[in-house]
Structures are given as structure tokens and as C-alpha cells.
Amino acid sequence: MLSEQEQIISALQSIHTRIDNACEKAGRNKDEVRLLLATKTVPPEKIKMAIEAGETLIGENRVQEYTEKFDAIKDLPCERHFIGHLQTNKIKEVLKYVSCIQSVDSIDLAEKLDTRLQYEDKSIDIFVQVNTSFEESKFGVEPSLAFDLIKRINQLGTLKIKGLMTIGLFSEDELLVKKSYRLLRELRNEAIAKDLLRAASNELSMGMSNDLELAIEEGATMVRVGSAVFGKRG
Ligand SMILES: *Cc1c(COP(=O)(O)O)cnc(C)c1O
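Since this is a predicted model, take the numbers as computed values, not measurements.

Trainee: Summarise the overall build of the protein chain; cite the residues concerned and give the values.
Mentor: When you go through the protein chain residue by residue, the secondary structure sums to 9 helices and 8 strands. Over its C-alpha atoms the protein chain spans a radius of gyration of 17 Å, differing by no more than 12% from the 17 Å that the globule rule assigns to 234 residues. In terms of its C-alpha atoms, the protein chain occupies a principal-axis envelope of roughly 55 × 40 × 30 Å. Counting all 234 residues of the protein chain, 50% fall into the buried class. Here the contacts in the protein chain between residues at least 6 apart in sequence split such that 58% fall between residues at least 24 apart. Of the side chains in the protein chain, 33 bear a positive and 38 a negative charge, and the two mean positions are spaced by 2 Å.

Okay, structure coming up:
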């Protein structure tokens, strides 16, 4: 029987192999894709094992869970992002924990973040989350409204857009999944061409345990992986 730590180390090795193979297949440099560990429901001891194995970036989905785990993870040498739906009444809280919010999807949320950040005399990195799967249950700005949202966020002094984020379509049909990732890449390219995004703000956060290869083929610069490293969530 492998220990929990050995299991995590071996799972991380397979994920990195998958990322490297996907990059090779897509003719991309493997340094272009960063792994974010999606740590929702994962206990701090396991997160610590992954960081000790060399990982550098985690993302949580719920502010409440950050609050509960933060003492146990705050000294780990890693970057912390927020990747879940953010309610505006949790803004003050989440800003204590993260250096980047990947789920900004409305001007209301962006303005309220800006107000709080001005008050704290701080700025923060964000991703604009786009609903590329057109599923009603998904958060994210509608693709047709994304440029307008980016324009308005650019006018706020405290939010620095690093790129775009999406949760792809859940489907067995790889072509449809890839189509949703391709849409995010096209939106980013067009936003840069229109000078709405700086050329350096070109991140594409997309792809999860089941479909990271498809996302990398379509240009992902960050894949967010949970269950393939930490096991199925209960
Ligand atoms: C849970 C989650 C992931 C990771 O999903 P897995 O299928 O466990 O890899 C990625 N992104 C977001 C926003 C998530 O909530």
C-alpha cells in the first residue's frame, strides 16, 4: 500500500507527464503551462504534501473553506488563487487570502472589489471568467458581453487583468469541449488585437482532470486539477 504522500507524488508525476505530452503534441513548450491544484474539500495535510512535492499554486472555491483552512496553509510557500463563484458580501474576507481572483464575471463584482481595494490601498490580479459552454448553470460572463466587461474593468485602477478563465463544457464529445476552449482563446486573441488586453495579459486558465489535454491543445496556459491528484471528492 502506498502512503498518502506517495500517492500524491505519483499522481502529480502522472499529471506532469500528461501536461508535457499534451504540450509536445501541440508543438508547445512545456514551460508555457502551469499547474494549479484545485484544493476544494482537500485537507491541509494533503495540500502540504503537494507543495512539498514542488507544486507552487493552489486555488480554492469557497471563501468559507479558505477561512477554515487558512491558518494551516498560510505558511506554505505557494501562490493562492480564488477560483469559485464570489459573492460580493465575501469580498473583504477573500482579499485576506488570495493574490488572484480567477472568477470575475460581472461589473458589479468588479466595482465592489475595486471599492474595497481602494480602501485598502491595494491592487489584485484577476481573470475574467467567461461562460464558453453556454450552459445556464455555469457562471461567467456571456462571450458576447466579454469585451464590454473587460473595457469597464480596465477603467478600474485596482484590478489587473492577467487573462481569461473558463470552465469547459462537460461532455463526452471532445470536439464540443475543444470548441468551448477554442472560443476562450479566440476571445483573448481578439481582445489583445483590439488593445483591450495587454499582450502580456494572455493567460488562459482552462482544463481540468478529465480534459486538460484538450485545453492545452487549444492554448491553455494554466490547467486546474483537483481529483486526478487528490482523489475523488466525497
Ligand atoms: C473543482 C474545480 C476544478 C478541478 O476539477 P477536477 O475535475 O477535480 O480536476 C477546476 N476548476 C474549478 C473552477 C473547480 O471548481
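Trainee: Tell me about the environment of glycine 163, residues and numbers included.
Mentor: Position of glycine 163 relative to the elements: it lies in strand E6 (residues 159-165). Under the relative-accessibility criterion, glycine 163 is labelled buried at 0%. Along the primary structure glycine 163 and lysine 92 are separated by 71 residues, whereas in three dimensions their C-alpha atoms are 23 Å apart. Every residue in contact with glycine 163, bar those within four places of it in the chain, is listed here: Ile126, Phe127, Val128, Ser201 and Glu203.

Trainee: Can you explain the pattern of salt bridges? Please cite residues and give values.
Mentor: Considering all chains together, one arrives at 18 salt bridges under this definition. Where glutamate 217 meets lysine 178, a salt bridge forms, and the shortest distance between an N and an O atom there is 2.6 Å. Taken together, the residues glutamate 217 in helix H8 (residues 212-217) and lysine 178 in helix H7 (residues 174-193) connect sequence positions 39 residues apart. Between lysine 194 and glutamate 190 there is a salt bridge, with the nearest N and O atoms lying 3.8 Å from each other. Look at lysine 194 and you get partly exposed, because its relative accessible area is 46%. The class of glutamate 190 is partly exposed, set by a relative accessible area of 39%. Linked by salt bridges that have partners in common, Lys25, Lys178, Arg182, Arg185, Glu217 and Glu218 make up one network.

Trainee: Got a sec to walk through the layout of surface pockets? Specific residues and values, please.
Mentor: Reported here for the largest pocket is a volume of approximately 680 Å³. Elements supplying a minimum of two residues to the lining of the largest pocket: H7, H8 and strand E8 (222-225). Among the residues making up the lining of the largest pocket, the classes are represented as 11 nonpolar, 10 polar and 8 charged.

Trainee: An account of the site of the ligand is needed here, citing residue identities and associated values.
Mentor: Every residue near the ligand is listed here: Ala38, Lys40, Asn61, Ile83, Ile167, Met208, Ser209, Arg224, Val225, Gly226, Ser227 and Arg233. Note that an oxygen atom of the ligand is positioned 2.5 Å from one of the side-chain N or O atoms of serine 209. Side-chain polar atom of arginine 233 to an oxygen atom of the ligand: 2.8 Å apart, as the coordinates give it. Compared with its free state, where it exposes 380 Å², the ligand has 91% of that area covered by protein. Assessed atom by atom at 2 Å from the grid points, the ligand resides in the largest pocket.

Trainee: Go over the nonpolar core with me, naming the residues and quoting the values.
Mentor: Of all hydrophobic cores here, the largest spans 67 residues; its most connected members are Ile101, Leu113 and Val128. Considering every element that reaches this core, the biggest residue donor is helix H1 (residues 4-25), with 6 residues. When residues no more than four places from it in sequence are discounted, the contact partners of leucine 113 are Leu86, Ile91, Leu95, Ile101, Val104 and Leu159. Ala38, Leu57, Met165 and Met222 belong to the second largest nonpolar core, which has 8 residues in total.

Trainee: I'd like a description of the side chain of arginine 28, backed by residues and values.
Mentor: Tracing the backbone shows arginine 28 in the loop between H1 and strand E1 (34-38). A distance of 2.8 Å separates the side chain of arginine 28 from the backbone oxygen of alanine 220, its partner in a polar contact. Setting aside residues up to four positions removed in sequence, arginine 28 forms contacts with Cys23, Val33, Ile216, Gly219, Ala220 and Thr221.

Trainee: Describe unusual backbone geometry, listing the residues and the values that go with them.
Mentor: Even without a glycine there, the phi angle at threonine 41 is positive, about 65°. Mapped onto the elements, threonine 41 comes out in the loop between E1 and helix H2 (44-52). By relative accessible area, which is 51% here, threonine 41 ends up exposed. Within the chain, aspartate 195 stands out as a residue other than glycine whose phi angle is a positive 65°. Tracing the backbone shows aspartate 195 in the loop between H7 and strand E7 (203-205).

Thresholds, definitions, all that
Residues numbered from 1 in each chain as written. Predicted model: local features only at pLDDT ≥ 70, side-chain atom pairs only at ≥ 80, totals over all residues. Heavy atoms only, no water. Helix = DSSP H or I, 4+ residues; strand = E, 2+ residues; numbered from the N terminus. Rg over C-alpha atoms; globule rule 2.2 N^0.38 Å. Buried < 20%, exposed > 50% of the residue type's maximum accessible area, 1.4 Å probe, protein only. Contact = heavy atoms within 4.5 Å. Lys, Arg positive; Asp, Glu negative; His and termini not counted. Charge placed at Lys NZ, Arg CZ, Asp CG, Glu CD. Salt bridge = Lys/Arg side-chain N within 4 Å of Asp/Glu carboxyl O. 1 Å grid on protein atoms, 1.4 Å probe; cavity = no way out; pocket = protein on both sides within 12 Å on 5 of 7 lines; lining within 4 Å. Points joined across faces, edges and corners; volume = space filled by probe spheres on them. Nonpolar A, V, L, I, M, F, W, Y, C, P; charged D, E, K, R; others polar. Near = heavy atom within 4 Å. Polar contact = N/O pair within 3.5 Å; in protein donor to acceptor, adjacent residues only side chain to side chain. Areas by Shrake-Rupley, 256 points an atom, 1.4 Å probe, with all protein chains shown as cover. Sits in = over half its atoms within 2 Å of the grid points. Core = buried A, V, L, I, M, F, W, Y, C linked by side-chain atoms within 4.5 Å.

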